[in-house]
Amino acid sequence: PLLDAYAIYPHLMDYWAETMQDDAYLIAADGWVAETYRMLEEIKTSGKPISHYLDMAKDKSSDYRLMGFGHRVYKNFDPRSIILKKRVYEVLEELQQEDPLLDVALELEEKPLKDDYFVERNLYPNVDFYSGILLKAIGIPVEMYTVMFAIGRMPGWIANWKEITEDPKSRI
């Protein structure tokens, strides 16, 4: 029988909330992509140099963190960020657009790569770093970034839920 998406959703969300705690936090935090994009906007509009934000990130007494850097799996450079950065250029060129946040992102990417603090901690740009610029270029508002993130994961969540519920030995 076909799965009823409306019947699955509440169970899927319960399962997801219990087992995907990092992802659930992302949704609650409005997503790392959105937070990274907002950080780039803040840096651009503040008029403060990038070094100001790098210093705050390095200050142990500060709660400030650079968004879009580091990854729990990729302990060195996130290979997806390299691909996405290239795609940002291609999409902006194809759409004949410019995004002033790209300049901020490029400078913010470059400086930590030359800073021992970030290098020693393997804090390199991750896939979230350029995702917001790409999503904005294709007309997705920042408020929808988390939704876009979730849409991409839904088939995997549904498949996982289906496997678990069909196996009598499985427990959620």
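Please read all numbers here as calculations on a predicted model, not as lab measurements.

With that settled, the discussion passes to the packing of aromatic side chains. Evaluated as defined, the whole model comprises five aromatic pairs. Pairing Phe 69 with Phe 129 gives two aromatic rings, centres 5.1 Å apart and planes at 70°, and the pair type is edge-to-face. Of this pair, Phe 69 sits in the loop between helix 4 (50-58) and helix 5 (79-94) while Phe 129 sits in helix 8 (residues 128-137); the two residues are 60 residues apart in sequence, bridging distant segments of the chain. Side by side, Phe 69 and Phe 129 carry an identical accessibility label, which is buried. Ring geometry for Phe 129 versus Tyr 130: centroids 5.0 Å apart, planes at 90°, classification edge-to-face. With respect to class, Phe 129 is no different from Tyr 130; both count as buried. One aromatic cluster is present, built from ring pairs that chain together Phe 69, Phe 129 and Tyr 130.

The next subject is the packing of helix 3 (residues 32-46) against helix 8. Each pair of packed helices gets described by two things: the angle between the helix axes and the distance between those axes. Across the interface, helix 3 lies against helix 8 with an axial gap of 8 Å and an inter-helix angle of 85°. Here helix 3 is positioned roughly perpendicular relative to helix 8, judged by the angle of their axes. Residues Trp 32, Val 33, Thr 36, Tyr 37 and Leu 40 of helix 3 lie in contact with helix 8, whose contacting residues are Asp 128, Phe 129, Ser 131, Gly 132, Ile 133, Leu 135 and Lys 136. Looking at the contact of helix 3 with helix 8 residue by residue, the class counts come to seven nonpolar, three polar and two charged.

Here we come to helix 5. For helix 5, spanning 16 residues, the distance from its first C-alpha to its last is 23 Å, which sits close to the expected 22 Å at 1.5 Å a residue. Residues of helix 5 that are buried make contact with helix 6 (100-113) and helix 8. In the stretch just after helix 5, Gln 96 is the one whose phi turns positive, near 55°.

With that out of the way, let us pick up a nonpolar patch on the surface. Together, Met 144, Val 147, Met 148 and Ile 151 make up a nonpolar patch on the protein surface, roughly 310 Å² of accessible area in all. Turning to its location among the elements, Met 148 is positioned in helix 9 (residues 145-166).

Our focus in this paragraph is the side chain of Thr 36. In this structure, Thr 36 sits in helix 3. A relative accessible area of 1% places Thr 36 in the buried class. Within polar-contact distance, the side chain of Thr 36 engages the backbone nitrogen of Gly 68 at 3.3 Å.

Attention shifts here to the nonpolar core. Grouped together as the largest cluster of nonpolar side chains are 33 residues, with contacts concentrated most on Leu 66, Leu 108 and Ile 133. Counting residues per element, the ones that place at least two in this core are helix 3, helix 4, helix 5, helix 6 and helix 8. Here Leu 108 is in contact with Met 39, Leu 40, Ile 43, Ile 50, Leu 54, Leu 66, Phe 69 and Phe 129, once residues within four sequence places are set aside.

Bringing helix 4 into the picture now. Every buried residue belonging to helix 4 is among Ile 50, Tyr 53, Leu 54 and Ala 57, and all of these are buried. Down the axis of helix 4, the smallest arc covering the buried residues is 100°, so these residues share one side. On the buried face of helix 4, the contacting elements are helix 3, helix 6 and helix 7 (116-120).

Before going further, it helps to examine the packing of helix 5 against helix 8. Where helix 5 contacts helix 8, the two axes come as close as 9 Å, and the packing angle between them is 25°. Here helix 8 runs roughly parallel to helix 5, going by the angle between their axes. Of the two possible hands of crossing, helix 5 and helix 8 adopt the one that is left-handed. Where helix 5 approaches helix 8, its residues Ser 81, Leu 84, Lys 85, Arg 87, Val 88, Val 91 and Leu 92 are matched on the opposing element by Tyr 130, Ser 131, Ile 133, Leu 134 and Ala 137. A class-by-class count of the residues in the contact of helix 5 with helix 8 yields eight nonpolar, two polar and two charged.

Scoring rules and cut-offs
Residues numbered from 1 in each chain as written. Predicted model: local features only at pLDDT ≥ 70, side-chain atom pairs only at ≥ 80, totals over all residues. Heavy atoms only, no water. Phe/Tyr/Trp six-rings, centres within 6.5 Å; stacked < 30°, edge-to-face > 60°. Helix = DSSP H or I, 4+ residues; strand = E, 2+ residues; numbered from the N terminus. Buried < 20%, exposed > 50% of the residue type's maximum accessible area, 1.4 Å probe, protein only. Axes fitted to C-alpha atoms, helices over the stretch in contact; angles between N-to-C directions. Parallel < 35°, antiparallel > 145°, perpendicular 65-115°, else oblique. Contact = heavy atoms within 4.5 Å. Nonpolar A, V, L, I, M, F, W, Y, C, P; charged D, E, K, R; others polar. Expected span 1.5 Å × (residues − 1). Patch = residues over 30% accessible without salt bridge, like charges linked within 9 Å, V, L, I, M, F, W, Y side chains within 5 Å. Areas by Shrake-Rupley, 256 points an atom, 1.4 Å probe, with all protein chains shown as cover. Salt bridge = Lys/Arg side-chain N within 4 Å of Asp/Glu carboxyl O. Polar contact = N/O pair within 3.5 Å; in protein donor to acceptor, adjacent residues only side chain to side chain. Core = buried A, V, L, I, M, F, W, Y, C linked by side-chain atoms within 4.5 Å. Arc of directions from axis to C-beta. Left-handed = near helix turned anticlockwise from the far one by under 90°.

The values reported here are purely geometric and, on their own, carry no functional implication.
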